[in-house]
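The chain contents come next:
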Amino acid sequence: MTATGHLTLGRADVPIGRPLAITFAEGRVDGEFRQVFGAMAATPLRVRGTPLSITPRYGGYSDFESNDERRGELDLTFRISGPGVPRGCSIGTDAAPVHLVLKETDPSRVVSPDPLVVAFGVADNRFAVPGTSGCGLLGPVLDKVLRLPAPAGVNGIDLDARVSLRPYGGAE
């Protein structure tokens, strides 16, 4: 799955121009539906008006099985980088990631039948964002600059996604 769009975390209001890429597998194993997360890749997103960048990273949980309430769920953390920013500085942690519940904003449509590629839109604007973690003495300064923590309703993610589907060995 690849996705471009827009991300707002507190003051950070950034376009996602280069696609986020997520690899996962899903299907039936012994008659039971299962999903396996593979990997996530993203490029740093520049925070306008600052020397900072934030990079979305997989936060340890994904569930892309859709239902009437959601298109999927995804936990993310956001690595902060810039001059003097310590290596482990982030928004959200592995123990307490930012949890997204993605709602469909644009229905699925087939972009290509072979290989099968489906496009759709998703968004979430109801998630809260914690203050920074692992930033040492720079933490309070970054929180002030980025206006963190930020309550639900201030933050948002809006994505145009494309999923390429293919069967793999032993699929039912």
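Values in this document were obtained by computation on a predicted structure and should not be read as measured data.

Participant: What is the right way to read the environment of Gly72 from this model?
Facilitator: In this fold, Gly72 is placed in strand 6 (residues 72–81). Gly72 sits in the buried class, given a relative accessible area of 1%. Residues Gly72 and Ala96 lie 24 residues apart in sequence; the distance between their C-alpha atoms is 19 Å. Once residues within four sequence positions are removed from consideration, Gly72 is found in contact with Asp63, Phe64, Leu100, Val101 and Leu102.

Participant: Just to check I follow, could you spell out a nonpolar patch on the surface for this structure?
Facilitator: On the surface, a cluster of nonpolar side chains totalling about 240 Å² of accessible area is made up of Val110, Leu116 and Leu165. Residue Val110 is classed as exposed on the basis of its relative accessible area, which comes to 55%.

Participant: Any chance you could explain unusual backbone geometry here in plain terms?
Facilitator: Backbone phi values are negative for most residues with the exception of glycine, while trans is the configuration of most peptide bonds. The residue after Asp114, namely Pro115, is reached through a cis peptide bond having omega 5 degrees. Relative to the helices and strands, Pro115 resides in the loop between strand 8 (98–113) and strand 9 (116–124). Following Leu148, the chain continues into Pro149 via a peptide bond in cis, with omega recorded as -5 degrees. Along the polypeptide, Pro149 turns up in the loop between helix 1 (139–146) and strand 11 (156–165).

Participant: Help me out: how do you make sense of the packing of aromatic side chains in this one?
Facilitator: Any aromatic ring pair is given by two values, namely how distant the centres are and how the planes are angled relative to each other. Using the criterion set out here, one finds one aromatic pair in the structure. With a centroid separation of 4.7 Å and 40 degrees between ring planes, the pair formed by Phe24 and Phe64 is classed as tilted. Here Phe24 is found in strand 2 (residues 12–29), whereas its partner Phe64 is found in the loop between strand 5 (53–63) and strand 6, with 40 residues between them in sequence. Judged by its relative accessible area of 13%, Phe64 falls in the buried class.

Participant: How should the pattern of salt bridges be read in this particular structure?
Facilitator: Two side chains of opposite charge can pair, provided their charged atoms sit close to one another. Enumeration according to the criterion identifies four salt bridges in this entry. One salt bridge connects Arg109 with Asp106, and the closest N-O pair in it is separated by 3.2 Å. Of the residues examined, Arg109 reaches a relative accessible area of 42% and is grouped as partly exposed. One network of salt bridges, with partners in common, ties together Asp63, Arg70 and Glu73.

Participant: Explanation requested: the state of the cysteines in the structure shown.
Facilitator: Covalent bonding between the sulfur atoms of two cysteines defines a disulfide. This structure, assessed with the given rule, holds one disulfide. Between the sulfur of Cys89 and that of Cys135 lies a disulfide, 1.9 Å long from S to S. Across the S-S bond linking Cys89 and Cys135, the dihedral sits near 80 degrees, which makes this disulfide right-handed. One end of the pair, Cys89, is in the loop between strand 6 and strand 7 (90–91); the other, Cys135, is in the loop between strand 10 (132–133) and helix 1, with 46 residues separating them in the sequence. Taken individually, Cys89 and Cys135 each receive the classification buried, so the pair is uniform in this respect.

Participant: Please explain the pairing of strand 6 as it appears in this structure.
Facilitator: Successive side chains on a regular strand alternate, one facing one side of the sheet and the next facing the other. Counting buried positions along strand 6 gives nine out of 10 residues, so the element sits mostly inside the fold. Judged from the eight bridges that link them, strand 5 and strand 6 form a sheet pairing that is antiparallel. Bridging from a neighbouring strand, Ser53 pairs with Ser81 of strand 6. Relative to strand 7, strand 6 runs antiparallel, the two sharing two bridges. Bridge pairing links Phe78 to Ile91 in strand 7.

Thresholds, definitions, all that
Residues numbered from 1 in each chain as written. Predicted model: local features only at pLDDT ≥ 70, side-chain atom pairs only at ≥ 80, totals over all residues. Heavy atoms only, no water. Helix = DSSP H or I, 4+ residues; strand = E, 2+ residues; numbered from the N terminus. Buried < 20%, exposed > 50% of the residue type's maximum accessible area, 1.4 Å probe, protein only. Contact = heavy atoms within 4.5 Å. Patch = residues over 30% accessible without salt bridge, like charges linked within 9 Å, V, L, I, M, F, W, Y side chains within 5 Å. Areas by Shrake-Rupley, 256 points an atom, 1.4 Å probe, with all protein chains shown as cover. Salt bridge = Lys/Arg side-chain N within 4 Å of Asp/Glu carboxyl O. Phe/Tyr/Trp six-rings, centres within 6.5 Å; stacked < 30°, edge-to-face > 60°. Disulfide = S-S within 2.5 Å. Pairing = 2+ DSSP bridges.

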